[in-house]
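# Structural overview for review
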Amino acid sequence: MRLATLKDGSAVVVSKSGIIPFAKLGFTGSMLDLINAGDDELNKLRESLKGIKKDFILAHKTLDAPLKNPPKIVAIGLNYFDHAKESNMEIPKSPLVFAKFNSSITGPTDPIIIPAKITQQVDYEAELGVIIGKRAKNIEKGKALDYVFGYTILNDVSARDIQFPDKQWVRGKSLDTFCPMGPVIVTKDEIPDPQNLELGCSVNGITLQQDNTKNMIFNVAELISQLSFSFTFEPGDIIATGTPSGVGFSRTPPVFLKSGDVVCTWIKGIGEIINPVINQ
Ligand code: ZN
């Protein structure tokens, strides 16, 4: 299933024939409520969808980020071979972890807002987002994908002139609107192999990143497993799994986002998010 959240806060299933609110399928709650409710509720929703009558199908409305209030966003740095190389960094021996604050989350067509007073070096990072479905602690790699709820697209927008001088990356990665996400969460049954997804990013129609998740240094199962020995994953947690090569700061000359740009971040099989850039 493809699941989304509308601007009015209601969670919906996105089907070929339209957008159907969870409430019409017998589940009254948000996306996070559904994730917390576990597999039984998800299966009930899937069953209800089969019997849906046409008059429950709504016209398309503007989508918000599918999940706005995850317990935490765990982000991974330098997780593609070519990106580690272009950053002049050694291949990490264990996942390089940082955090993004929830307040950075914005919708799949919402603007990326550059606070021009504090940054002039805003960069894009196309990433596969993993939504955790079940509490996970000390999980072996072979079982790790059982703890996934689904997958989404996110852009780990980064203010390089804050990220690098700060040393701690969290502020430069957490400015408001610096985590565009969506358009949907695709449940894991529809993505049996998260390590064979083409992804990329274009700015104003020019492709600047294009790679495949098979080139991750630590794959999704390894990330969940290894990190679960350090901290507990909660249902609804999001892992931003790292970005491939082609980011703006590594280019000669560097490419930074500016007001008027349009950024498209895509993953084959999930969709695309398209965010205009504006100055504040
Ligand atoms: Zn990133």
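Preceding this paragraph is the structure being described.
Structure report, in brief. A quick note: this is a predicted structure, and the numbers were derived from the prediction, not measured. (Residues numbered from 1 in each chain as written. Predicted model: local features only at pLDDT ≥ 70, side-chain atom pairs only at ≥ 80, totals over all residues. Heavy atoms only, no water.)

With that out of the way, let us pick up the pairing of strand β1 (residues 2-6). Among the five residues in β1, four count as buried, and that is most of the element. Both β1 and strand β13 (residues 179-187) contribute to a ladder of two bridges, which runs antiparallel. The partner of R2 across the bridge, within β13, is V186. In terms of strand pairing, β1 meets strand β2 (residues 11-15) through three bridges, oriented antiparallel. Bridge pairing in β2 places T5 opposite A11. Counted between consecutive antiparallel strands, the loop separating β1 from β2 contains four residues, among which G9 sits at a positive phi close to 95 degrees. The pairing of β1 with strand β4 (residues 63-64) spans two bridges and is antiparallel. When the sheet's bridge partners are listed, L6 is paired in β4 with L63. (Buried < 20%, exposed > 50% of the residue type's maximum accessible area, 1.4 Å probe, protein only. Helix = DSSP H or I, 4+ residues; strand = E, 2+ residues; numbered from the N terminus. Pairing = 2+ DSSP bridges.)

On to the environment of P276. Its place among the elements puts P276 in strand β18 (residues 271-279). P276 sits in the partly exposed class, given a relative accessible area of 30%. Separated by 164 residues in sequence, P276 and I112 place their C-alpha atoms 6.2 Å apart. Not counting chain neighbours up to four residues away, the residues in contact with P276 comprise T109, D110, P111, I112, D261 and V262. (Contact = heavy atoms within 4.5 Å.)

Bringing helix α5 (residues 220-228) into the picture now. For α5, a buried count of eight out of nine residues is recorded, marking the element as mostly surrounded by other parts of the structure. Here α5 has its buried residues at V220, A221, E222, L223, I224, S225, L227 and S228. On its buried side, α5 packs onto β5 (73-77), β6 (96-100), β10 (126-132), β11 (148-155) and β16 (238-240). With a side-chain oxygen positioned 3.2 Å from the backbone nitrogen of A221, the residue opening α5 is N219. (Polar contact = N/O pair within 3.5 Å; in protein donor to acceptor, adjacent residues only side chain to side chain.)

Those protein atoms acting as donors to the zinc ion are E125 (OE), E127 (OE) and D156 (OD), and they sit at 1.9 to 2.0 Å. Going along the chain, you hit the donors of the zinc ion in the pattern E-x1-E-x28-D. What makes E125 buried here is its relative accessible area of 5%. (Donors = N, O, S within 2.8 Å, 3.2 Å for Na, K, Ca; no water.)

Considering all chains together, one arrives at 17 salt bridges under this definition. Put simply, E47 and K50 hold a salt bridge, and the shortest N to O gap is 2.9 Å. Within this pair, E47 and its partner K50 are both found in helix α2 (residues 39-50), separated by three residues, close to a single helical turn. Notably, a salt bridge pairs D123 with R160, separated by 2.9 Å at the nearest N-O pair. Here D123 is found in strand β9 (residues 122-123), whereas its partner R160 is found in helix α4 (residues 160-166), with 37 residues between them in sequence. Here the salt bridges do not stand alone but share partners, grouping K100, D123, E125, D156, R160 and K173 into one network. (Salt bridge = Lys/Arg side-chain N within 4 Å of Asp/Glu carboxyl O.)

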